[in-house]
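One-letter residues, chain by chain:
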Amino acid sequence: MLKKSISRYSPTLLRAPELQTRLSALPRCQQFGLSHDALLNLPEQDLSKREWFIIDSTIREGLQFCNAFFDSNEKREIAQRISDFGIEYIELLNPCVSQQSFDDIKAIVDMRLNAKILTHVRCNIGDVDRALQTGVDGIDIVIGTSSYLRQFSHGKSIQEIKKMAKNVIEYIQAKNENIEIRFSTEDSFRSDIDDLMDIYSFVSELNISRVGIADTVGIAAPDQVYKLVSQVREAINTSKCDIEIHLHNDTGCAIANAYMALKAGAKYIDTCVLGIGERNGIVPLGGFLSRMIPVNKEYVQQKYKLKELKNLENYICNHCDIQIPFNNYITGYAAFTHKAGIHAKAVLNNPETYECLDPTDFGLKRYIHIAHELTGWNAIKDRAEQLNLELNDAQIKELTEYIKNFASVKKCNLSDVDNILINHGEYLDRQLK
C-alpha cells in the first residue's frame, strides 16, 4: 500500500521566540498540496562567496512549452548560443524520444562546446544505454516519488525505486566511470519527507555527481524550499555529491525559490531562456541572473556574457512565436523606463536611486518617459537640453505645467512634448494670456 502524503501546509511566519516550536505543532490543511512544513528560521548566509552553476534546459524542458519547436539546426544554434553565453551545462531531451532526438544529441555532442552536455532520462537500463551511446558528458536520471506518481505513473515502492536506482547507476558507471550522474526525485515537494531522505542518503553513497530536487508542479514557497534543501544537505554525503534543483513557476516563486535553494546549500540551478517550459515554465535565465547580480556582480559578470542576453532571448522568441514581455527581467521594454517625476529627477542625478541593476551591463539603455501627466520639470529640462534649447528654469516649469495639463486629457507621446518645447514661444505666450 502506498503511503499517503498529500497534505498541504499554509506557511506561518514565526516570531523569534517561537522558532523552536515543534514542527508537528504547526497548522496543517488536509487537502492536495505540500507535505513539508517550513519554518522561517534562516541563518545568515554569505552567498557572495558561494560557487554555483547553471544547467540550462531550453532544449529539453523548453521543448515542453506549448509553442516550442526547434528543428535540428535550431537546436544546434541554441546550444551554441547558450554555451557562448557562458552557461556551464546544457540539458537535452531523452534520446529515446525519437531517432531524430538521438541524432540531435550526438550532433550537439560533436560540436565540442564549452558547456557540458547532459541528457534527461528515466530510471531504466534501456534509457541510459541509449544515452551512453550519444557520448554525453552526463546523464540526468529522474523518477517520481510522490504518492501521486507512485500510484498513477510507475507504481513502484520506495524500496523498489532504490533498487532500480542502484542498478541503473552501477550500470552507467560500469560502462563509463567518468560520466557525471544526477539522480533526481520528481514531485519532491509532495513526496513523503522520510521517503525522500531515505532515497537521497542512499544514492549519495553511490558515487554520483548530484542529487536532484524537483518542484514539479510549482507548489513550493521559498521557506519550504530552504527547509527541504537544508534537510537534503544534512542527509546526503556532501563530500561525494552536490544538490541540483528544478523549480516550476506555476505559483510565481521560481526565482525566489532558486535563490533560497542556493542559500540552503544547493549548487546547481536549472533554467530556461525566458523560463519557457511545461505550463508556466521554470526559472528564467535572465530573471535568475537579475536576482544574483546584486549578490555578487563581479562573479556573474566574469562567468556570463550579459550583453548577449537580449539576443539570446530574441532568438528564442522568434522561434516560439512569442515576444519578450514588457515587464521581463532586464530585457523587457519597461525594465529600465522611469516615468514618475520624482523618480526621473533622482535617476537623472544618480541612477542608483531607483535602479538596482545597471542597463549598460547588458548593453541596454535607460529611458526617461516624459510624455505624461506625472512628468516633472527636471525630466522636461533634460529633454530640452538634449534638443539644444536654451530655456531657463522658470520657462521649463511653465512648459511642464502645460505638458501635464495636455497629457491629462489626451494621450501624449514624445513628439508632442518635443513640439511644445521646440515651439516654446507659442506655448509660453498662451500661458501668459
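Located above this text is the structure these notes cover.
Residues numbered from 1 in each chain as written. Predicted model: local features only at pLDDT ≥ 70, side-chain atom pairs only at ≥ 80, totals over all residues. Heavy atoms only, no water.

Formed by 99 residues in total, the largest nonpolar core has its most connected members in Trp52, Ile139, Ile141 and Phe183. Sort the elements by how many residues they give to this core and helix H8 (residues 254–264) lands first, with eight residues. If you look at the next biggest cluster of nonpolar residues, it comprises 20 residues, including Ile370, Ile380, Ala407 and Tyr427. (Core = buried A, V, L, I, M, F, W, Y, C linked by side-chain atoms within 4.5 Å. Buried < 20%, exposed > 50% of the residue type's maximum accessible area, 1.4 Å probe, protein only. Helix = DSSP H or I, 4+ residues; strand = E, 2+ residues; numbered from the N terminus.)

Within the structure shown, the criterion is met by 24 salt bridges. Across the pair arginine 182 and glutamate 91 runs a salt bridge, and its minimum N-O distance is 3.8 Å. Here arginine 182 is found in strand E5 (residues 180–186), whereas its partner glutamate 91 is found in strand E2 (residues 89–92), with 91 residues between them in sequence. Exposure remark for arginine 182: the relative accessible area of 4% places this residue in the buried category. Overall, the relative accessible area of 0% leaves glutamate 91 in the buried class. (Salt bridge = Lys/Arg side-chain N within 4 Å of Asp/Glu carboxyl O.)

Okay, the layout of surface pockets next. Of the pockets and cavities examined, the largest pocket occupies roughly 420 Å³. Forming the walls of the largest pocket are 25 residues, and the residues nearest its centre are Arg60, Gln64, His120, Val142 and Glu186. Of all the secondary structure elements, the ones that give two or more residues to the lining of the largest pocket are strand E3 (116–122), E5, strand E6 (210–215) and strand E7 (242–247). The element contributing the most residues to the lining of the largest pocket is E5, with four residues. For the lining of the largest pocket, the residue count by class is seven nonpolar, nine polar and nine charged. In this structure, the second largest pocket encloses a volume near 270 Å³. For the second largest pocket, the lining is made up of 17 residues, of which Leu274, Gly275, Pro284, Pro325 and Asn328 are closest to its centre. (1 Å grid on protein atoms, 1.4 Å probe; cavity = no way out; pocket = protein on both sides within 12 Å on 5 of 7 lines; lining within 4 Å. Points joined across faces, edges and corners; volume = space filled by probe spheres on them. Nonpolar A, V, L, I, M, F, W, Y, C, P; charged D, E, K, R; others polar.)

A few words now on the environment of aspartate 129. For aspartate 129, the location among the structural elements is in helix H3 (residues 125–134). Each C-alpha atom of the pair aspartate 129 and cysteine 96 lies 9.8 Å from the other, and the pair is 33 residues apart in sequence.

By themselves, these observations are geometric and do not establish any function.
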